[in-house]
Amino acid sequence: MEKMVKTFPQHKCNWLKGRFAFYKYQEFWNIQEFLEGGILAQQSFKARPSDVFLCSAPKTGTTWLKALAFAILTRHQYDESTSPLLKTMPNECIPLLEKDLEQVEDNHKNSCFPLVGTHLPYSSLPESILTSNCKIVYIYRNIKDVIVSHYHFLREAAKLPMEDAPFEEAFDEFCEGKSWCGPYWDHILGYWKARLERPEIILFLKYEDMRKDPTSNVKRLAEFIGYPFTIEEEKAGVIESIIKMCSFENLSNLEVNKYGKHRAKESNIAIENRHFFRKAKDGDWENYFTNEMIENVDKLIDQKLSATDLVL
Ligand code: A3P
């Protein structure tokens, strides 16, 4: 598999001094380890109809969505003082299809745990997910904040200080579509078009909307994944407790997320958990973008997404 991936078109990120490369497969750029796992999943994964997929492009709020979905699903087993989320980072509570296939398959054999994450674009999802009519939750986020978040995450992964990783170059590459699981707009469009055809199995959540109104979005999420809150739970403040436990303020201050490491055994992609919890600030892009960048990215989004009802 490694040999095969190395034959795909390669892009070495100049702004990361070539320390990271993306490979192009089925029109999207991906990191080697995640692409190998994605192809393996395409070849062998058998979805269960009860599986629920949490799908996203990287840096759009995946970790938050995973924490919320996990807390919703396990609320009868644990409360805010016993939840595994207090000791395990959310991305390890829910396996990623293209990296943790064995764990997903173990869950199939040994439990009825339905949640699976993936960054794969819709067009690259294993066939069985689509033929089994599995539910899909898709989270997306304002492109400008994604560009900044993506810049910092990959820069930290490459262990480069900001002065050695020019933001302008990172910006240009992102806008050329060369980002992790990019082009970002095509990632969104794939799921958006699928939702038009199958609205009953695809839920779209927008990061900024969840920030503005977490309660109704958490309710929508719980209903959609088949674990709706009862009136008694609502009255008892269960939704608010989940929102509080999964908040950036709470999760980012936990020992595990401050000092732990994600995928620690895989030296190429190991990264400190804290890099998944950077700032979580809407509009942080204003600290990075020049007027020209704003104009360019607005034009790009207008060109690529004007036929949709999506506002990025
Ligand atoms: P910033 O880099 O803008 O801070 P992903 O989980 O898809 O990798 O996305 C990471 C982004 O989500 C980061 O954005 C991170 O700070 C933010 N994030 C992480 N946990 C969050 C939470 N509990 N609530 C809101 N945002 C969160």
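Above this text sits the structure in question.
Before going into details, it helps to say that this report is about the structure given with it.

Thresholds, definitions, all that
- Residues numbered from 1 in each chain as written.
- Predicted model: local features only at pLDDT ≥ 70, side-chain atom pairs only at ≥ 80, totals over all residues.
- Heavy atoms only, no water.
- Axes fitted to C-alpha atoms, helices over the stretch in contact; angles between N-to-C directions.
- Helix = DSSP H or I, 4+ residues; strand = E, 2+ residues; numbered from the N terminus.
- Contact = heavy atoms within 4.5 Å.
- Patch = residues over 30% accessible without salt bridge, like charges linked within 9 Å, V, L, I, M, F, W, Y side chains within 5 Å.
- Areas by Shrake-Rupley, 256 points an atom, 1.4 Å probe, with all protein chains shown as cover.
- Salt bridge = Lys/Arg side-chain N within 4 Å of Asp/Glu carboxyl O.
- Lys, Arg positive; Asp, Glu negative; His and termini not counted.
- Charge placed at Lys NZ, Arg CZ, Asp CG, Glu CD.
- Near = heavy atom within 4 Å.
- Polar contact = N/O pair within 3.5 Å; in protein donor to acceptor, adjacent residues only side chain to side chain.
- Nonpolar A, V, L, I, M, F, W, Y, C, P; charged D, E, K, R; others polar.
- Buried < 20%, exposed > 50% of the residue type's maximum accessible area, 1.4 Å probe, protein only.
- Pairing = 2+ DSSP bridges.
- 1 Å grid on protein atoms, 1.4 Å probe; cavity = no way out; pocket = protein on both sides within 12 Å on 5 of 7 lines; lining within 4 Å.
- Points joined across faces, edges and corners; volume = space filled by probe spheres on them.
- Core = buried A, V, L, I, M, F, W, Y, C linked by side-chain atoms within 4.5 Å.

### Section: the packing of helix α7 (residues 143-157) against helix α16 (residues 291-305)
Relative orientation of the contacting elements α7 and α16 amounts to 120 degrees, with a least axis distance of 11 Å. Side by side, α7 and α16 meet where Ile143, Lys144 and Ile147 of the first sit next to Ile294, Val297, Asp298 and Ile301 of the second.

### Let's talk about a negative patch on the surface
A surface patch of like charges, here negative, comprises Glu168, Glu169, Asp172, Glu292 and Glu295. Counting residues per element, the ones that place at least two in the negative patch are α8 (167-175) and α16. Ranked by the residues each element gives to the negative patch, the list is headed by α8, at three residues. As for its placement among the helices and strands, Glu295 is situated in helix α16.

### Re the site of the ligand
Contacts to the ligand come from 19 residues, most closely from Thr62, Thr63, Ser149, Lys279 and Ala280. Separating an oxygen atom of the ligand from a side-chain N or O atom of Lys59 is a distance of 2.7 Å. The side chain of Thr63 places a nitrogen or oxygen atom 2.5 Å from an oxygen atom of the ligand. Coverage of the ligand by the protein amounts to 98% of the 570 Å² it exposes when considered alone. Every element with two or more residues in the shell around the ligand is listed here: α3 (62-73), α10 (207-212) and α14 (248-252). Counted by class, the shell around the ligand contains eight nonpolar, six polar and five charged residues.

### Considerations on the pairing of strand β7 (residues 202-206)
Burial analysis of β7 places five of its five residues in the buried class, which makes it a mostly covered element. Judged by which residues are buried, β7 turns out to be covered on both faces: Ile202, Phe204 and Lys206 on one side and Leu203 and Leu205 on the other are all buried. In this sheet, β7 lies alongside strand β6 (residues 135-140) in parallel orientation, the contact comprising five bridges. Note that in β7 the partner of Ile139 across the bridge is Leu205.

### Digging into the sheet that holds strand β2 (residues 21-25)
The strand order across the open sheet formed by three strands is β1-β2-β3, and the pairing between neighbours is antiparallel. Two strands bound the open sheet, and with one partner strand each, they are β1 (10-12) and β3 (28-31). For this sheet, the mean inter-axis angle between neighbouring strands, taken without regard to orientation, is 35 degrees. Inspection of the sheet shows β1 paired to β2 by three bridges, in the antiparallel sense. If you follow Gln10 over to β2, its bridge partner there is Tyr23.

### Some details on empty space enclosed by the protein
All chains considered together, the criterion is met by three cavities of 30 Å³ or more. When its volume is computed, the largest cavity comes out at roughly 60 Å³. For the largest cavity, the full set of lining residues is Tyr25, Phe28, Trp29, Asn30, Leu35, Leu120, Pro121, Ser124 and Cys181. A class-by-class count of the residues in the lining of the largest cavity yields seven nonpolar, two polar and no charged. Taken as a whole, the second largest cavity encloses approximately 40 Å³ of empty space. As for the second largest cavity, its lining consists of Trp15, Ile147, His150, Tyr151, Ala170, Phe171, Glu173, Phe174 and Lys178. When residues of the lining of the second largest cavity are traced back to their parent elements, those giving at least two are α7 and α8.

### Topic: the nonpolar core
Counting 107 residues, the largest nonpolar core has Val137, Tyr184 and Phe289 as its most contacted members. A total of nine residues in this core trace back to one element, the largest contributor, which is α3. Excluding residues within four positions of it along the chain, Tyr184 makes contact with Ala57, Thr60, Tyr140, Arg141, Ile143, Val146, Phe174, Ser179 and Leu312.

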